[in-house]
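Here is what each chain is made of, one letter per residue.
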Amino acid sequence: MSVIDEIERELAEATERLLATAARLTDEDLRAPSLLPGWTRGHVLTHVARNADSYVNLLAWARTGVRTPQYASARAREAGIEAGAGRPAGEQLADLRDSADRFAVAVREMPAGAWTASVSGMNPPEHPAWYVPIRRLREVEVHHADLGAGYGWADWPETYVRRELYDTMLWLGDESPVGEVVARDPDTGEVLGIWTGLGDVPAVEGTPRELLAWLAGRTDGAGLRLTTPRSRDRHDTPDARLRHDEPNARLRHDEPDARLRHDEPDARLRHDAAGRLPSPPPWPKPSPAALPAEPPSSWPPAGN
């Protein structure tokens, strides 16, 4: 099974969850604010629908070799969202379903060789077409949570959390607000992964889910802890690769409401209202740089 099959299955499941939530929303619900500043729930659903069509454009580009922009322009993108935000719930739901179906058909009809073609969204970097379904899954999961309608970041599937944290750390690099990121098992406190070489600033520790939600700008970092980087004297590469010299350097299942163990008497700094936890950079970039051209068997690669 290739990464395309893997993501296609996950995306179908994520889309059904989103459609189930959208089906419960009334006209009044859609006029209510979402968790995104300035956007109603109607804005969020319209964006997700138009996003599906924008990725159909990128797949057409990869399939035909004819450059097809994701959106005609940033202004056209914004206008389309604004124009659709106030529609009745039934119309929104139908649009959401139909646009998702169009994307699913475009994925199924892609020739195998077209997945290696380079495409580019509204922002760099270019990336191989096989990464487009991963970008679509990100949009569905994140904006489902942004609706504020019973599904949140605590409900993101473990596979999604693992993949997104891996990719986020690949592109974070010198934009990182911290020098080291440590993922810990929510039940045992075991270190699951360490990303180092990010800068000469404090480290942040948390569960994979809490770290991703903070890096994605969906929380203020509650549950995370600042500490002194363990790798200050190590010669780690600056591209934030996952270290594998820890005994359990991989991401495992985590419970959404669990907190870290604090049985190590070190110099942790608690996050507080004074804002000691720094703000993460804008999230996400379209893709990590230097992805393999050929679709891998899985993503993240085996062993990461």
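Residues numbered from 1 in each chain as written. Predicted model: local features only at pLDDT ≥ 70, side-chain atom pairs only at ≥ 80, totals over all residues. Heavy atoms only, no water.

**What about the overall build of the chain?**
Across its full length, the chain holds eight helices and seven strands. Counting across all 304 residues of the chain, residues that qualify as buried make up 52%. Within the chain, residue pairs in contact and separated by at least 24 positions form 73% of the contacts whose partners lie at least 6 positions apart. Counting only carbon and sulfur atoms, one obtains 52% of the accessible surface of the chain, whose full area is about 13500 Å². (Helix = DSSP H or I, 4+ residues; strand = E, 2+ residues; numbered from the N terminus. Buried < 20%, exposed > 50% of the residue type's maximum accessible area, 1.4 Å probe, protein only. Contact = heavy atoms within 4.5 Å. Areas by Shrake-Rupley, 256 points an atom, 1.4 Å probe, with all protein chains shown as cover.)

**A short note on the pattern of salt bridges**
The tally for this structure, following the rule as stated, stands at 12 salt bridges. Put simply, Asp53 and Arg102 hold a salt bridge, and the shortest N to O gap is 3.0 Å. Residue Asp53 is located in helix α3 (residues 41–64), and its partner Arg102 is located in helix α5 (residues 89–108); the two are separated by 49 residues in the primary sequence. Among the residues examined, Arg102 registers a relative accessible area of 37% and is labelled partly exposed. Residues joined by salt bridges that share partners form a network here, namely Arg50, Asp53, Arg87, Asp95 and Arg102. (Salt bridge = Lys/Arg side-chain N within 4 Å of Asp/Glu carboxyl O.)

**A look at the confidence of the model for the chain**
Chain-level statistics for the chain give a pLDDT mean of 86 and a share of 85% at 70 or above. Confidence over residues 233–275 falls short of pLDDT 50; this stretch has 101 contacts with residues more than four positions distant or in other chains. (pLDDT = per-residue confidence, 0-100.)

**Thoughts on the packing of aromatic side chains**
Per the stated rule, a full pass over the model turns up five aromatic pairs. Look at Trp130 and Tyr131: their rings are 5.8 Å apart centre to centre, the planes differ by 75°, and that puts the pair in the edge-to-face class. Look at Trp130 and you get buried, because its relative accessible area is 1%. Given a relative accessible area of 0%, Tyr131 falls into the buried group. Cluster of aromatic residues (ring-pair linked, three or more members): Trp130, Tyr131, Tyr166 and Trp299. (Phe/Tyr/Trp six-rings, centres within 6.5 Å; stacked < 30°, edge-to-face > 60°.)

**Comments concerning the layout of surface pockets**
Looking at the largest pocket, its volume works out to about 460 Å³. In this structure, the largest pocket is lined by 19 residues; those nearest its centre are Arg77, Arg135, Glu139, Trp283 and Pro284. When contributions to the lining of the largest pocket are tallied by element, the ones reaching two or more residues are α3 and α6 (132–146). Ranked by residue count, the leading element in the lining of the largest pocket is α6, at five residues. (1 Å grid on protein atoms, 1.4 Å probe; cavity = no way out; pocket = protein on both sides within 12 Å on 5 of 7 lines; lining within 4 Å. Points joined across faces, edges and corners; volume = space filled by probe spheres on them.)

**Things to note about the nonpolar core**
Within the largest apolar cluster, 67 residues are counted, with the highest numbers of intra-cluster contacts made by Trp130, Val204 and Trp299. Looking at this core, the elements with two or more residues in it are α1 (3–23), α3, α5, α6, α7 (158–172), β3 (180–184) and α8 (208–215). Of all the elements, α3 adds the most residues to this core, at nine residues. Beyond its immediate sequence surroundings of up to four residues, Trp130 is in contact with Val3, Ile4, Trp115, Leu291, Pro292, Ala293, Glu294, Pro295, Pro296 and Trp299. (Core = buried A, V, L, I, M, F, W, Y, C linked by side-chain atoms within 4.5 Å.)

**Some remarks on the packing of α3 against α5**
Close contact between α3 and α5 brings their axes to 9 Å; oriented N to C, the two are set at 20°. Classed by the angle they form, the pair α3 and α5 counts as roughly parallel. Between α3 and α5 lies a crossing whose hand is left-handed. Contacts from Gly42, Leu45, Thr46, Val48, Ala49, Arg50, Ala52, Asp53, Tyr55, Val56 and Leu59 of α3 reach α5 at Gln92, Asp95, Leu96, Ser99, Ala100, Arg102, Phe103, Ala106 and Val107. Tallied by class, the residues present in the contact of α3 with α5 amount to 12 nonpolar, four polar and four charged. (Axes fitted to C-alpha atoms, helices over the stretch in contact; angles between N-to-C directions. Parallel < 35°, antiparallel > 145°, perpendicular 65-115°, else oblique. Left-handed = near helix turned anticlockwise from the far one by under 90°. Nonpolar A, V, L, I, M, F, W, Y, C, P; charged D, E, K, R; others polar.)

**Some words on α8**
When you tally the buried positions in α8, you get eight out of eight residues, the bulk of the element. Of the positions making up α8, those classed as buried are Pro208, Arg209, Glu210, Leu211, Leu212, Ala213, Trp214 and Leu215. Lining the buried residues of α8 we find α7, β3, β4 (191–195) and β5 (203–206).

**Quick look at α5**
The terminal C-alpha atoms of α5 lie 29 Å apart, and with 20 residues this matches the ideal 28 Å at 1.5 Å per residue to within 8%. Turning to α5, its buried residues are Ala89, Gln92, Leu93, Asp95, Leu96, Ser99, Ala100, Phe103, Ala106 and Val107. Taken down its axis, α5 places every buried residue within 165° of arc, on the same side. Seen from the buried face of α5, the exposed residues on the opposite side, beyond 90 degrees, are Gly90 and Arg108. Here the buried face of α5 lies against α1, α2 (27–31), α3, α4 (74–84) and α6. (Expected span 1.5 Å × (residues − 1). Arc of directions from axis to C-beta.)

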